[in-house]
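# Tertiary structure, described
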Amino acid sequence: MEEEGKQHATASLQALERLNLNSRNLPSSESNSQLKDKVHTALDHLREIKARLEGCGDDFVPLSVAEKPLVALKQLLLMHIPASITDTARSQFSQLIQQALSGRCKKVLAAVVLTCPWYEATQKERGEQAKHNTLLVIVVSEDRQFFCPANPQVKEQGGAVDLGWLSVLELFHFAHLLVKGRTKHVEAALCDSQAVVYSTEEWQRLREVLSASSVTGMRCFLEACVNQAVSGVGKKRKNGDMKLAGTATIADMCGSFRLLHHAHNHHLGLPPVSNGLTPSGLPDVASQALGKLRALYKEPDAAKEDIFQCLMKWHQQLKEKMKTCVFVDQKGVTEVVGGWMMEVRLQGRVLLPSAASVVATEQEGGDSNPRLKQLMAEIGGPLGRLAPEQVLLVARAGSWMYGLSTPDSDVDYVVIFRERTETILSACSRVSECVESRGPSRHVEYGAYEARLLCDMLLKGSVVILELVYLGEHEYVSPVWEHLHKHRGRFVTEVAVQQYLGLIKNNLHSLHSHRHCGNTARERKLFYQIFHKIDSVRHMMTGVAPPVRVTGPVRDFIMDVRTKPLEGDLSRESLLEKASADFEDLRRQLADRESRLPERPDFRFVTDWLLSVRGDNFS
């Protein structure tokens, strides 16, 4: 059935490709423009269907929760404040949380009930006290999900579920927000044990190694507490003073006092307030505010401006204290949280060398690769700090790679490297994946890309990156890169064809628009790229990787374009006519095919390769 489905999808796609090609000749009108948009949308849908039938769909699955246990879980949450949670209630929480996340993550680390002690103190009934509770759950994703080559932004968005009353966060997402001083996440890490409804040994370990005074002493945390306390309920007057926003509720005001209380507790050497509230230990202005807030329970229509003035006064007192505050270095907290996070990811495993660590020393007959050292020294800059085992590939890009260089050609390198696995596992923020040094003043230009970014660009069909994989001969090639090149046929896909066509189309547009008219060198480059990419697509149509380094008549013609005077058969007009005709002929051949290439590379294969780069523990 799947094979039959692929045949039907292919036939439908090719019919739409022909329609799309012919629709360009329709008269310009709004209805015809809408028709073209519908054809493009249908093409995208059919490509996705065929890709799914081919089994090369994305493996990254966003975090989710099962709906069935949520009603009971929410009801349980709104029945309790931390002080009322019994062992029986904790068991119920645990069962419902496990049901909601079963099969959707590797492990649940912890679950914490976040409440507002200030709001709790203003209400009489427990149901009212728990009205604004939030359940924060921290989970660990599977290794394949964590290491997969999906875009970091996509993974971050897919690493959180926010239902208002329920927040589920992947470990990295939680750690990232914790070290940035986000108040709720700091509260969760440092809360009173009564608020913890589920925990593991790993979570208890975090609470042991994390110093409360260090976390709350970070500038980002204290400034968030003090500034957000006012911005959450205040509004600027025309004269610049603050007044209470008309939309501010009692719960909002209590939340603002809770934030100020966190900052106040830090100055007293105490953890954030997370459970229960008594006037003792509060400054006079805060005690007054608490009394006024409690009075609002009986008279909800009473004026709130006096309470806001108390808030502003306490806020000003804390602002003054912050002027002399010695903030804790955020780097120290990040190292503690990062180290703990790596331990959680490894689950007792010891990091083993990755396949990438096997630098090609055998053929060199020594304990290092002198050619690699020479290359990295020539490139210089930040890349000089890379250890040999981190370098996967060094290639000379552009015309050098195509066998089309001239004495005037620039020296441009592409380096593919791997970040250390320890750094990936312990990173509390995005790891830098790209280093570039380009420009006319540079003697040696280069672009360096981390292995994950390489995989991301491969999956998207980046022409520059595909050509690196298609070509086997480079300045330096590691064993893991040889494996990728060996399977280069997996990257001969419709996505790749579309990217090549897009590059050709852009170059033709630049030539037709006379954007570079008068700049002979630039126009020569546009022309030679067009003819080089057309030749590459013709190879891909047969199901094989293009040679990249051209030879024979194709090379002779392109070199004539690069070096001979632009006149006669090589005049700008003649070349543009030939390039346009060749491109149209290529598009017609593509639309008239009875078969198609795989729509896109296999995400699973690329993930497997990336896991082998990270280490034998994960592959």
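Note that this is a predicted model, so its numbers are computed, not measured.

Before going further, it helps to spend a moment on the sheet that holds strand β3 (residues 160-162). Strand order in the open sheet formed by five strands is β3-β4-β2-β1-β5, with mixed pairing between adjacent strands. In this open sheet, the two strands that pair with only one neighbour each are β3 and β5 (196-199). Averaged over all neighbouring strand pairs, the angle between strand axes comes to 10°, with direction disregarded. Across seven bridges, strand β1 (residues 107-114) lies against strand β2 (residues 134-140) in antiparallel orientation. Each residue of the ladder has a partner; that of V108, found in β2, is V139. Helix α4 (residues 87-101) contacts β1, β2, β4 (166-170) and β5 of the sheet and is inclined by roughly 55° relative to β5.

On to the packing of helix α24 (residues 494-512) against helix α27 (residues 572-591). Viewed as axis vectors pointing N to C, α24 and α27 meet at an angle of 150°, and their least axial separation amounts to 11 Å. Between α24 and α27, the angle is such that the two are roughly antiparallel. Crossing handedness for the pair α24 and α27: left-handed. Contacts from V497, L501, I504, K505, L508, L511 and H512 in α24 reach R572, L576, A579, S580, F583, L586 and L590 in α27.

Moving on to the packing of aromatic side chains. Applying the stated rule across the entire model yields eight aromatic pairs. Aromatic side chains W203 and W340 sit 6.5 Å apart centroid to centroid with 70° between the ring planes, which places their arrangement in the edge-to-face category. Of the two residues, W203 is situated in helix α11 (residues 201-209) and W340 in helix α17 (residues 330-346); the sequence distance between them amounts to 137 residues. Each member of the pair, W203 as well as W340, is classed as buried.

This brings us to helix α23 (residues 479-486). For α23, every residue scored as buried is listed here: V480, W481, L484 and H485. For α23, the arc enclosing every buried residue in end-on projection is 145°, short of the 170-degree limit, so these residues lie on one face. Of the surrounding elements, those touching the buried residues of α23 are β8 (391-396), β9 (412-417), α21 (451-460), α22 (463-470), β12 (476-477) and α28 (603-614).

On the basis of which strands lie adjacent, the open sheet formed by five strands has the order β10-β11-β9-β8-β12 and mixed pairing. Bordering the open sheet on either side are β10 (434-437) and β12, each of which pairs with just one other strand. Sheet analysis places β9 next to strand β11 (residues 445-450), joined by six bridges and oriented parallel. Looking at β11, one finds that I416 is bridged to Y449. Of the strands in this sheet, β8, β9, β11 and β12 are in contact with helix α18 (residues 370-379), which crosses β8 at around 65°.

Bringing helix α14 (residues 250-267) into the picture now. Given a rise of 1.5 Å per residue, 18 residues ought to cover 26 Å, and the 26 Å separating the end C-alpha atoms of α14 matches this to within 8%. Of all 18 residues in α14, 15 are buried; the element is thus mostly enclosed. Among the residues trailing α14, G269 stands out with phi positive, at a value near 75°.

For the structure on display, the rule yields 33 salt bridges. When the shortest N-O distance is used, the salt bridge between K578 and D582 registers 3.2 Å. Of this pair, K578 and D582 both sit in helix α27, separated by four residues, roughly a single helical turn. Here E599 makes a salt bridge to R596, at a shortest N to O gap of 2.9 Å. Here E599 matches R596 in class, with each residue buried. Put simply, E17, D44, R47, K50, E54, E494, R593, R596 and E599 are held in one network by salt bridges that share partners.

In the predicted model, the chain carries a mean pLDDT of 91, and 95% of its residues have values of at least 70. The low-confidence segment residues 359-367 (pLDDT under 50) makes twelve contacts with residues lying over four places distant or belonging to another chain.

Moving on, we get to unusual backbone geometry. Of note, the phi angle at Q347 is positive, near 50°, even though the residue is not glycine. Even without glycine at this site, V548 takes up a positive phi of about 65°. As for its placement among the helices and strands, V548 is situated in the loop between α25 (520-540) and α26 (552-563). In this structure V548 comes out as buried when scored by relative accessible area, which is 2%.

Reading the values: the criteria
- Residues numbered from 1 in each chain as written.
- Predicted model: local features only at pLDDT ≥ 70, side-chain atom pairs only at ≥ 80, totals over all residues.
- Heavy atoms only, no water.
- Pairing = 2+ DSSP bridges.
- Helix = DSSP H or I, 4+ residues; strand = E, 2+ residues; numbered from the N terminus.
- Axes fitted to C-alpha atoms, helices over the stretch in contact; angles between N-to-C directions.
- Contact = heavy atoms within 4.5 Å.
- Parallel < 35°, antiparallel > 145°, perpendicular 65-115°, else oblique.
- Left-handed = near helix turned anticlockwise from the far one by under 90°.
- Phe/Tyr/Trp six-rings, centres within 6.5 Å; stacked < 30°, edge-to-face > 60°.
- Buried < 20%, exposed > 50% of the residue type's maximum accessible area, 1.4 Å probe, protein only.
- Arc of directions from axis to C-beta.
- Expected span 1.5 Å × (residues − 1).
- Salt bridge = Lys/Arg side-chain N within 4 Å of Asp/Glu carboxyl O.
- pLDDT = per-residue confidence, 0-100.

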